Amino acid sequence: MGMRVVVVGGGIGGLALGAGLRRRGFEVAVFDRDIDVAATGGYHITVDERAQSALRELVAPEIVQRLLASASALRLRNRDAFWDRRGRLLGRGPDLTGDSSVDVDRITLRLLLAEAVGDDLHLGRTVSDVGYGDDGAPHVLFTDGGPVSADLVVGADGAHSLVAQHLAGGPTNSPAGIIGFSGRTLHRDLSPGEQQRLGLRSGLAIGPRGAALYVGFLDPVGNAALDAPELRMSVTTGPTYIWGAMFTESAATESLRDLRDGELQFALLRRFREQGWAEHTLEVIGRADPHSVAAYRFNAASTRATELAPWPTGRITALGDAVHATPPTAGMGAGAAIRDAAALLRHLDDVADGGTTLAEAVNRFEAGMRQRGSEILTLAMRTVRLILATDTTFGAAATAVTTPILAAAVRLRH
Ligand SMILES: Cc1cc2nc3c(=O)[nH]c(=O)nc-3n(C[C@H](O)[C@H](O)[C@H](O)COP(=O)(O)OP(=O)(O)OC[C@H]3O[C@@H](n4cnc5c(N)ncnc54)[C@H](O)[C@@H]3O)c2cc1C
């Protein structure tokens, strides 16, 4: 009899795993509390080369084609820019022409993966507990029903994972000290001056006192990774900026979390103005669709591999944000969840072929995941620490003094 796997959570990692298991003939059931796959939050997800090859192992080529036809290619974007709070150019990121990463709407990615999972995805099912039955088999319980048991249970239930907390005996991550606010602004809604300054590129501005503004550019139509309009299913249909305002957490920034839409947008603008940001640099926030503006707290797991998945190997495991919750500052969280899924599938294939035991497969999978998680967390925390550092007395002075000098140095070079 084949192996039966229950996956808790049908976000990016859970659906990727479900799709792969189904394709290889495993018996799988993915449960998510959401009622509708498309009614999900989120902006865009970066899928880098490694995540793309993982996807090729997990889903049919046709799904990958549709993903690429709906994705914005980084190599078609101009180099990233770094600015100070007055909008002065401080420097440029690396040449992207050789970069095969793509940005895709989170909704589009989730829809494509859900399609690949088909009727093995069960929506509207909230898992309330996980454990082992009298027969030693792992099972999950639901808020509305009895246990479903399996040979292996995988928690892909995100940063606040019930499964990983059960395994670890407590939370697997904590607030990173930064609160993020995101929104979506159409390129055509900006003034010609800001269209020109921001350009067809992403950028990051860091000011003193723990404030930063990331402006990500995507255009799944003009910059399509695969030119096949008939396959396109992107939610974003033209040149768009997805921006992320980041502040160190404090009582003042915490109170912003209670605000919504236009009120939140207005409060964000006021906060940046108070900190001396030039008016034109705030246009991207001011001209956003108010309904797209929302708050996100950054949670982060440990950057140390040994502290990730700190539990003895068993027949219940976890992947993705459940294990290595990562702030979006490196754009690698979703990619790592997809790579986790492909790695687990490979190890389970070995079990099905009789090459190894389930315990050994899970053990090897968890070892690889610890390395992957540590790698991406280290990268993501660099930006977080930079922002946090600007919020110290020394950091504020250093940012205020050095950024104009840097800006002048950049001007001299041009
Ligand atoms: C609403 C939302 C918006 C996001 N937006 C962005 C974005 O714009 N950019 C970006 O880079 N990253 C975003 N992320 C994070 C990104 O999706 C994850 O970092 C990455 O995909 C890792 O995926 P994951 O599968 O581990 O977790 P997630 O994608 O977070 O998925 C977890 C899933 O588990 C389900 N779940 C949780 N608990 C239970 C339970 N008890 N029972 C049943 N189901 C449960 C949730 O409904 C969710 O679908 C977002 C995440 C969410 C949930």
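I will try to describe carefully the structure that is included in this document. (Residues numbered from 1 in each chain as written. Predicted model: local features only at pLDDT ≥ 70, side-chain atom pairs only at ≥ 80, totals over all residues. Heavy atoms only, no water.)

Another point: the packing of helix 1 (residues 12-23) against helix 11 (residues 333-352). Look at helix 1 against helix 11: their axes get within 8 Å of each other, and the N-to-C directions meet at 30°. Between helix 1 and helix 11, the interaxial angle falls into the category roughly parallel. By crossing handedness, the relation of helix 1 to helix 11 is classed as right-handed. Mapping the contact onto sequence places Ile12, Gly13, Ala16, Leu17, Gly20 and Leu21 in helix 1 and Ala334, Ala337, Ile338, Ala341, Leu344, Leu345 and Leu348 in helix 11. A class-by-class count of the residues in the contact of helix 1 with helix 11 yields 11 nonpolar, 2 polar and no charged. (Axes fitted to C-alpha atoms, helices over the stretch in contact; angles between N-to-C directions. Helix = DSSP H or I, 4+ residues; strand = E, 2+ residues; numbered from the N terminus. Parallel < 35°, antiparallel > 145°, perpendicular 65-115°, else oblique. Left-handed = near helix turned anticlockwise from the far one by under 90°. Contact = heavy atoms within 4.5 Å. Nonpolar A, V, L, I, M, F, W, Y, C, P; charged D, E, K, R; others polar.)

On to the nonpolar core. Side chains of a nonpolar character, in soluble globular proteins, are inclined to be buried together. Residues Val140, Leu319 and Leu348 are the most contacted members of the largest nonpolar core, which totals 87 residues. Apart from residues no more than four positions distant in its own chain, Leu348 is found in contact with Met3, Val5, Leu21, Phe26, Leu152 and Leu358. Core analysis: the second largest hydrophobic core is formed by 27 residues, Leu190, Leu198, Tyr241 and Leu264 among them. (Core = buried A, V, L, I, M, F, W, Y, C linked by side-chain atoms within 4.5 Å. Buried < 20%, exposed > 50% of the residue type's maximum accessible area, 1.4 Å probe, protein only.)

With antiparallel pairing, 3 strands are arranged side by side in an open sheet as 3-7-4. With partners counted over all chains shown, the strands left at the sheet margins are strand 3 (44-47) and strand 4 (72-73), one partner each. Here strand 4 runs beside strand 7 (residues 102-105); their pairing, made up of 2 bridges, is antiparallel. Residue Ala73 lies in a different strand from strand 7, and its bridge partner there is Val102. (Pairing = 2+ DSSP bridges.)

What follows covers the packing of aromatic side chains. Tallying each qualifying case throughout the model produces 6 aromatic pairs. Where Phe31 meets Phe142, the ring centres are 4.7 Å apart and the plane angle is 65°; that geometry is what we call edge-to-face. Separated by 111 residues along the polypeptide, Phe31 in strand 2 (residues 27-32) and Phe142 in strand 10 (residues 138-142) bring together distant segments of the chain. One exposure class covers both Phe31 and Phe142, and it is buried. (Phe/Tyr/Trp six-rings, centres within 6.5 Å; stacked < 30°, edge-to-face > 60°.)

Once their charged atoms are close, side chains differing in charge can pair, the charge on each being opposite to the other. Counted under the stated rule, the structure contains 25 salt bridges. Measuring nitrogen to oxygen at the nearest pair gives 3.0 Å for the salt bridge that ties Glu27 to Arg4. Placement of Glu27 in strand 2 and of Arg4 in strand 1 (residues 4-8) is noted, with a sequence separation of 23 residues between them. Its salt-bridge partner being Glu375, residue Arg50 comes within 3.4 Å of it at the nearest N-O pair. Within this pair, whereas Arg50 is found in helix 2 (residues 49-58), its partner Glu375 is found in helix 12 (residues 358-389), the two being separated by 325 residues in sequence. For Glu375, a relative accessible area of 41% gives the class partly exposed. One continuous salt-bridge network, built from bridges that share partners, spans Glu249, Glu254, Arg257 and Arg297. (Salt bridge = Lys/Arg side-chain N within 4 Å of Asp/Glu carboxyl O.)

Taken together, 27 residues surround the ligand, and among them Gly13, Asp32, Tyr43, Arg106 and Asp321 come closest. Within the side chain of Asp321, a nitrogen or oxygen atom sits 2.7 Å from an oxygen atom of the ligand. For the ligand, whose accessible area on its own is 920 Å², the fraction buried by protein is 82%. For the shell around the ligand, the secondary-structure elements that each account for two or more residues are helix 1, strand 2, strand 3, helix 4 (106-117) and helix 11. Its residues placed into classes, the shell around the ligand shows 8 nonpolar, 11 polar and 8 charged. (Near = heavy atom within 4 Å. Polar contact = N/O pair within 3.5 Å; in protein donor to acceptor, adjacent residues only side chain to side chain. Areas by Shrake-Rupley, 256 points an atom, 1.4 Å probe, with all protein chains shown as cover.)

Moving on, we get to the pairing of strand 7. Along a regular strand, successive side chains alternate from one face of the sheet to the other. The side-chain alternation of strand 7 yields two buried faces, one formed by Val102 and Val104 and the other by Asp103 and Asp105. In terms of strand pairing, strand 3 meets strand 7 through 4 bridges, oriented antiparallel. Bridge pairing in strand 7 links His44 to Asp105.

We now examine the environment of Thr329. Checked against the element boundaries, Thr329 lands in the loop between helix 10 (321-324) and helix 11. A residue is classified by how much of its surface remains accessible, and Thr329, at 22% relative accessible area, is partly exposed. Separated by 144 residues in sequence, Thr329 and Thr185 have C-alpha atoms that sit 19 Å apart. A polar atom in the side chain of Thr329 sits 2.7 Å from the backbone oxygen of Ala380.

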